[in-house]
Amino acid sequence: MFKETAQRLKAAGPLLAQTTLLKEVRISSTHGGSSVHGHRYFNVTCSLCAKVPPRKKPRVKVDIPGLERITYGDRMHYVPGLAKPSFPTWVRDWNDPSHYYAPKEEEMPLHKEKPCFIFNQRTNALEGVRQALWLTKSKLTKGLPDQVLSLAENEANQIENQDERVQNAIRHARFWDTTEERPSREKFCMALLRSLIHLCGSLQVSHSGLGRRILAEKYSLAATWNRGEDLFQVRGQNGLLLNSIAPLPVLAGKEEVQSTADHVLETFYPISPTIDLQSVQVYEEQNHTGFKEDYPYPHAHTLFLLEAGDTPVTLLPEQLRAKMIMFAFGNALARAHTLHGTKPRVLEQPIVVQSVATNGRMFQYVMFQLNTTDLQADEGVKNQVWVENDQLLYDFAKVHPLIKKRVVQIPPGLSGYKPETFQKFLSLYLHGAV
Amino acid sequence: MAARTRLPLQSLIHKNGNVFRSDRIVHTAIQEPVYPPIVPSLTAKSKSAKGRQIAEHLDKVRAADVQEKLTFLTRVQRKKYVLCPQTFALNADKWYQHFTKTAYLPGLPEKFIVDETKEESVPDTQNASSTIDETAFADIRSHVCHSILQENWYMKKRQPFLQREQEHYVAPYLRNLVSGLTHAMAKHNPVLQLSSLDFDPQVNFYWMRGQRTIPRGHRGGRVEPIRFQIDDKPHSQIRIPHQLPQFVPLEVVMSAEVPEIKFAPDLLPMFRRQYENNIFTGAKLPDPGCYGHTQFHLVPDRYRRDKMAKRNLNDQIEVYLRANGIASLFAWTGAQAMYQGFWSHEDVTRPFVSQAVITDGQYFSFFCYQLNTLGLSMETDAGNPRKNVCWGTDSMRLYEGVKDGAVVGLDDSVLKLLVQFLLNRSG
């Protein structure tokens, strides 16, 4: 274990036993998911929750050639005026995992000269969707394609008493799921998403294709590509992934794909496209979907992302859409690399991945079609993205009414339900199985 | 004056010639009571006054609507025993049976056919509604295998943190299993189409059973009821808007007895705390899904078979599962009954039925519970012949292990039982 980590864990040890009290303190802090260090906790001594000072850089011993250092090493005791002897570092002859000293970054086996820019789940991209489009070499279309939207408008594809059941699901998630007055955002966000997926899944009675899917939680993605002169990667856990046996149907035909070659990508000079991405010199170029080769559900269908305020990073809608585009692209690219190899090429059969993100009230929908893995140059066939921005499922879900000057402004309970948002959710869910 | 005006009656009768007048009593109109009923005082410092206060309170509770009833019954906080369904206590199932007045019957009710033998043939006398056709069953089997393999084989995962293997490997697979089974069974059981599926819900129940004499203090010598609270967190549960049918009639006399424990609950050990008295089925009162169908419980790492064997507690494995099933299901059915307005002084008029599956990923145990009575408090328990019933199985192994990307030794009988559980519906 690193010495620093051991020190930190030791510091956090007694605190970990009092998690209930810490949670209460954490909730009242301004940002969610903060660490214990640097804050005052009155139930423990200050030394336990003080900030851990950064590791001091060891003093560099300069060896001047030709100058012999006279040390007190031979004398076996300190002599004022003589130099301190430097002995060779003692190395234990067996591997003790609790006394492990990590090598310097330059000496690590995976160290490379060229830095790699990694987009992970904590990345808060400054330029948002524009940056994501540039990084993935994509063309944006506002609004979902018609063939997808028409799926939920068809009577046969609707759930019985759809509006009432969705409203009950929202009320359950927002009001009824706890013994307290209202559940917290982390709780109701996940509960709402799971209830909506459960509602959509009840259509398996009439559409048996919906049974050929499975949800995967906590899967880790890895995808690498070259763009311009830089190397980029999408890595890490991101959200809930719905995998299916059959691939999603292609959204844009061959002519439309060819016509994207004329589109010019939007740059945002002077800001570099690598802004806010994690720059690392120790990395491995991996392309991994998160599952083994013989996985029976190889095609990533929909990625569900939650923005519930439980992470250190709170993403605004623009940045959340960027995250959706990047991870949908990462899934598609990893699949393409697994199928066709890492050599850049234009795909004959484009790969489509969908993504839905929510904060419990506002939904964002993204559909990504990967047409090409040749992302080095700015010219050529581009990938395509269809985005639906900021779809509110309901206006207000208030426990107590908002009354101003004895007039009820916002009534208690659920108000302002918008059925179109759920229809789009349902059409994205049914896409590929109808 | 009366003496002077008194005339001999006989002469009058003879005079009018009414010798043979019958003396029928003629009923006059019922007279309204002029004075109010005589009842004991309400505010005096006497036993009868206390009795009247209690009676008035009970009438007030009876007359209130459900939300107010729950508030009345849970408003006052006092020290209560916290009953943990997942407990480290040894032989807790007998104690929990006593606290919840439950008779335990090994095996399942007749409507569930437990396929003990390894025969492939299905007897024709089976009820059509309790089985599904072979293609649907094959789909379910493949889905279950894929769920197991996804978590244990296909997905790239890091090593789990110590003592967190269940959460790492089993909890996501169980979620997939439950949602997949519910959606697949919705075709055969229409009530599942209207169901709500909760993950990590909360179930709470508060009740009183038995009495004790307060040993010391300013209230010493007085008799007070013993209060209990269950705070349960199942892995997942299915709630439905219609009630499940009863397994046995309400007033049936069961062969099994409720064990009698003469010791105080402290000796189990059970500990007393004072905090909010919650009665909660998993959703608040306005939710339409107020009845329970099936709960799924995950055995924590500490109570896994290998860990119990290391602590020489092999015989306690089944005991733990039984205690968990009885306590969780009693809390759930009790909360469902209280949501319908029944409580200890207004006993249930129809039985409340729920099911539970307790698993550690590999071994599954099935439990069915029928709540016949809520009258467990010291006043109502005295002449109450009804008792609650719990049926349960021992743990059955679903699969032997995962080897080279395949599930080895999958037992179809356990899957069939799961399917039958989910097919249970009213009508």
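The model shown is predicted, which means the values in this text are computed figures rather than measured ones. (Residues numbered from 1 in each chain as written. Chains lettered and ligands numbered in written order. Predicted model: local features only at pLDDT ≥ 70, side-chain atom pairs only at ≥ 80, totals over all residues. Heavy atoms only, no water.)

Let us look at the overall build of chain A. When its secondary structure is counted, chain A shows 10 helices and 15 strands. Over its C-alpha atoms, taken along the principal directions, chain A stretches across nearly 95 × 60 × 45 Å. A burial count over chain A gives 45% of its 434 residues as buried. For chain A, restricting intrachain contacts to residue pairs at least 6 apart in sequence, the fraction spanning at least 24 positions comes to 75%. (Helix = DSSP H or I, 4+ residues; strand = E, 2+ residues; numbered from the N terminus. Buried < 20%, exposed > 50% of the residue type's maximum accessible area, 1.4 Å probe, protein only. Contact = heavy atoms within 4.5 Å.)

Let us now look at the sheet that holds strand β7 (residues 271-273) of chain B. Residues and elements named next belong to chain B. Taken together, the 4 strands give an open sheet; going across it, the order is β4-β5-β1-β7, and neighbouring strands pair in mixed fashion. Of all the strands in the sheet, just β4 (203-213) and β7 have a single pairing partner and so form its edges. For this sheet, the mean inter-axis angle between neighbouring strands, taken without regard to orientation, is 40°. Helix-sheet contacts for helix α9 (residues 316-339) involve β1 (80-83), β4 and β5 (223-232), and the interaxial angle to β4 is about 100°. (Pairing = 2+ DSSP bridges. Axes fitted to C-alpha atoms, helices over the stretch in contact; angles between N-to-C directions.)

As a further point, take the packing of aromatic side chains. A complete count under the given rule lists 30 aromatic pairs over all chains for this structure. Pairing F112 of chain B with F421 of chain B gives two aromatic rings, centres 4.8 Å apart and planes at 35°, and the pair type is tilted. Highlighted residues: F112 of chain B in the loop between β2 (102-106) and α6 (134-154) and F421 of chain B in helix α11 (residues 412-423), separated in sequence by 309 residues. The buried category is assigned to F112 of chain B, whose relative accessible area is 5%. Seen in terms of ring centroids, F205 of chain B and W207 of chain B are 5.7 Å apart; in terms of plane orientation they differ by 20°. Their pairing is stacked. Connected via pairs of aromatic rings, a cluster forms that spans Y81, W95, F99, F205, W207, F228, F263, F330 and Y369 of chain B. The lysine or arginine in question, R194 of chain A, covers the ring of F199 of chain B, its NZ or CZ lying 4.8 Å from the ring centre. Sitting above the plane of the W153 of chain B ring, K292 of chain A keeps its charged end 3.7 Å from the centroid. (Phe/Tyr/Trp six-rings, centres within 6.5 Å; stacked < 30°, edge-to-face > 60°. Lys NZ or Arg CZ within 6 Å of the ring centre and 35° of its normal.)

The next subject is the environment of S244 of chain A. Residues and elements named next belong to chain A. Examined against the element boundaries, S244 turns out to sit in strand β6 (residues 240-244). You can call S244 buried: its relative accessible area is 5%. If we skip the residues at most four places from it in the chain, S244 touches R212, R213, Y297, P298, H299 and H301. A distance of 2.6 Å separates a polar side-chain atom of S244 from the backbone oxygen of A246. (Polar contact = N/O pair within 3.5 Å; in protein donor to acceptor, adjacent residues only side chain to side chain.)

For chain A, per-residue confidence averages 91 on the pLDDT scale, and 92% of positions sit at 70 or higher. Overall, residues 11-32 of chain A carries pLDDT values under 50, and its contacts beyond four positions in sequence, including any with other chains, amount to 19 contacts. (pLDDT = per-residue confidence, 0-100.)

With that settled, consider the pairing of strand β8 (residues 291-298) of chain B. Residues and elements named next belong to chain B. Where burial is concerned, most of β8 is hidden: 8 out of the 8 residues are buried. Of the pairings in the sheet, the one linking strand β6 (residues 236-240) to β8 comprises 5 bridges and is antiparallel in character. Bridge assignment links R239 to a residue of β8, and that residue is G292. Here β8 runs beside strand β9 (residues 352-359); their pairing, made up of 5 bridges, is parallel. When the bridges of β9 are listed, F296 appears paired with V357.

Residues and elements named next belong to chain B. Where β1 lies against β7, 3 bridges are found, and the strand directions are antiparallel. Across the sheet, K80 pairs through a bridge with R273, a residue of β7. The pairing of β1 with β5 spans 3 bridges and is classified as parallel. Counterpart to Y81 in the pairing with β5 is F228.

Residues and elements named next belong to chain B. Following the criterion strictly, the structure yields 32 salt bridges over all chains and no others. Two residues, D381 and R209, come together in a salt bridge whose shortest N-O distance is 2.6 Å. Here D381, found in helix α10 (residues 378-381), pairs with R209, found in strand β4; they are 172 residues apart in sequence, far enough to count as distant. Judged by relative accessible area, D381 falls into the partly exposed class, the value being 22%. Notably, a salt bridge pairs R386 with E251, separated by 3.2 Å at the nearest N-O pair. Here R386, found in the loop between α10 and β11 (388-392), pairs with E251, found in the loop between β6 and β7; they are 135 residues apart in sequence, far enough to count as distant. For E251, a relative accessible area of 53% puts it in the exposed group. (Salt bridge = Lys/Arg side-chain N within 4 Å of Asp/Glu carboxyl O.)

There is a patch of nonpolar side chains on the surface, built from V60, V62, I64 and L67 of chain A and spanning about 430 Å² of accessible area. Within the secondary structure, V60 of chain A is located in the loop between α3 (46-49) and β1 (111-119). (Patch = residues over 30% accessible without salt bridge, like charges linked within 9 Å, V, L, I, M, F, W, Y side chains within 5 Å. Areas by Shrake-Rupley, 256 points an atom, 1.4 Å probe, with all protein chains shown as cover.)

For the rest of this paragraph, the subject is the side chain of S415 of chain A. Tracing the backbone shows S415 of chain A in strand β15 (residues 413-417). The contact partners of S415 of chain A, leaving out residues within four places of it in the chain, are Y394, D395, F396 and I410 of chain A.

Because each turn of an α-helix spans 3.6 residues, side chains separated by three or four positions in sequence point in the same direction. Residue and element names in this part refer to chain A. For helix α9 (residues 317-340), with 24 residues, the first-to-last C-alpha span of 34 Å sits near the 34 Å given by 1.5 Å per residue. Among the 24 residues of α9, 19 are classified as buried, and the element is accordingly described as predominantly covered. Trailing α9 by a residue or two, G341 shows a phi angle of about 90°, which is positive. (Expected span 1.5 Å × (residues − 1).)

The next thing to look at is the state of the cysteines. Applying the stated rule across the entire model yields 0 disulfides over all chains. Note on C49 of chain A: no disulfide assigned, nearest cysteine sulfur contributed by C46 of chain A at a separation of 5.9 Å. With relative accessibility at 5%, the residue C49 of chain A sits in the buried group. Free of any disulfide, C84 of chain B has its nearest neighbouring cysteine sulfur in C390 of chain B, separated by 18 Å. (Disulfide = S-S within 2.5 Å.)

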